[in-house]
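Inside the fold
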Amino acid sequence: MEQTFLMVKPDGVQRNLTGEIVNRFERKGFKLVGAKLMQISDELAKTHYGEHKDKPFFGELVDFITSGPVFAMIWEGENVITAARDMMGKTNPLEAAPGTIRGDFGMTVGKNIIHGSDSPESAEKEINLFFNDHEVFAYTKQD
Ligand code: CMP
């Protein structure tokens, strides 16, 4: 079954949006198979955001994502990568549709509350980067 990596960013944790966000994915019907509150190191931030290393906002991005705890999650379900991105809304919260997480709660592209993998390849890479095997759970969930 498809899995994706989602992360409530430091602004989302600070604003007490973690529960709201978990609730949305639970109510949609996806299955939570891994979750933890964690502090991202400088090294992990630079690896995770490696594709943006030449962008002018790279330093700001690394400083922000390491500024406080994040809530890292693995969600499972059919088409979960695309569905989660639809539920998150566009990267720039001012362009994100109402009803999406960023559309409902965000104001700036830097502090856009949540990160989600954008492809099966990045989902696999990000899950392995943030989680050890023993932190990922296989169990039966009732529909
Ligand atoms: P995310 O999906 O986590 O992946 C890359 C992040 O870069 C993106 O969310 C935004 O939060 C951030 N980002 C994109 N554009 C800018 C920008 N112009 N200034 C600051 N951060 C940005």
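Residues numbered from 1 in each chain as written. Predicted model: local features only at pLDDT ≥ 70, side-chain atom pairs only at ≥ 80, totals over all residues. Heavy atoms only, no water.

Description of the pattern of salt bridges
As a working rule, side chains carrying opposite charge can pair if their charged atoms are close by. Tallied over the full model, the rule gives five salt bridges. Arginine 24 is the salt-bridge partner of aspartate 104, the closest N and O atoms lying 2.8 Å from each other. You can see aspartate 104 sitting in helix α6 (residues 101–105) and its partner arginine 24 sitting in helix α2 (residues 18–28), a full 80 residues away along the chain. Assessed through its relative accessible area of 36%, aspartate 104 is described here as partly exposed. When the shortest N-O distance is used, the salt bridge between glutamate 135 and lysine 36 registers 3.0 Å. Of the two residues, glutamate 135 is situated in the segment after α7 (120–130) and lysine 36 in strand β2 (residues 31–38); the sequence distance between them amounts to 99 residues. Judged by relative accessible area, lysine 36 falls into the buried class, the value being 19%. Connected through salt bridges with shared partners, the residues Glu20, Arg24 and Asp104 form a single ionic network. (Salt bridge = Lys/Arg side-chain N within 4 Å of Asp/Glu carboxyl O. Helix = DSSP H or I, 4+ residues; strand = E, 2+ residues; numbered from the N terminus. Buried < 20%, exposed > 50% of the residue type's maximum accessible area, 1.4 Å probe, protein only.)

Observations concerning the UniProt feature "modified residue: Phosphothreonine" (unreviewed entry) in the chain
UniProt's feature table lists "modified residue: Phosphothreonine" (unreviewed entry) at Thr91, given in the numbering used throughout. Tracing the sequence through the fold places threonine 91 in the loop between α5 (80–88) and α6. A residue is classified by how much of its surface remains accessible, and threonine 91, at 44% relative accessible area, is partly exposed. Once residues within four sequence positions are removed from consideration, threonine 91 is found in contact with Arg102, Val109 and Asn112. (UniProt positions renumbered as here; feature names shortened; annotations may be inferred. Contact = heavy atoms within 4.5 Å.)

Observations regarding unusual backbone geometry
The phi dihedral of asparagine 79 is positive, around 60°, even though this residue is not glycine. Structurally, asparagine 79 is set in the loop between β3 (70–76) and α5. The backbone of isoleucine 113 sits at a positive phi, close to 75°, despite the residue not being glycine. In this structure, isoleucine 113 sits in the loop between α6 and β4 (114–116).

A closer look at the nonpolar core
If you look at soluble globular proteins, the nonpolar side chains tend to sit buried side by side. Counting residues in each nonpolar core, the largest one holds 21 residues, and the members touching the most others are Leu6, Ile21, Phe25, Phe30, Met73, Trp75 and Ile114. At the level of secondary structure, the elements contributing two or more residues to this core comprise β1 (3–8), α2, β3 and α5. Here this core takes six residues from α5, the largest share from any one element. Counting residues in hydrophobic clusters, the runner-up holds 18 residues, among them Val33, Leu44, Phe130 and Phe131. (Core = buried A, V, L, I, M, F, W, Y, C linked by side-chain atoms within 4.5 Å.)

So, the sheet that holds β1
Within a beta sheet, neighbouring strands are joined by backbone hydrogen bonds and run either parallel or antiparallel to one another. A sheet is described by the order of its strands in space; here four strands give the open sequence β2-β3-β1-β4, paired in antiparallel fashion. The two strands at the open ends of the sheet, each matched to only one other strand, are β2 and β4. This sheet shows a mean twist of 15° between the axes of neighbouring strands, independent of strand direction. One ladder, built from three bridges, connects β1 with β4; its direction is antiparallel. If you follow leucine 6 over to β4, its bridge partner there is glycine 116. Contacts between α5 and the sheet are confined to β1, β3 and β4, with β1 contributing the most and set at about 25° to the helix. (Pairing = 2+ DSSP bridges. Axes fitted to C-alpha atoms, helices over the stretch in contact; angles between N-to-C directions.)

Topic: the site of the ligand
Neighbouring the ligand are Lys9, Tyr49, His52, Phe57, Glu60, Leu61, Thr91, Arg102, Val109, Gly110, Asn112 and His115. Between the ligand and lysine 9 there is a distance of 2.8 Å, counted from an oxygen atom to a side-chain nitrogen or oxygen. Measuring from an oxygen atom of the ligand, one finds a side-chain N or O atom of asparagine 112 at 3.3 Å. Burial of the ligand by the protein chains amounts to 79% of its free accessible area of 460 Å². (Near = heavy atom within 4 Å. Polar contact = N/O pair within 3.5 Å; in protein donor to acceptor, adjacent residues only side chain to side chain. Areas by Shrake-Rupley, 256 points an atom, 1.4 Å probe, with all protein chains shown as cover.)

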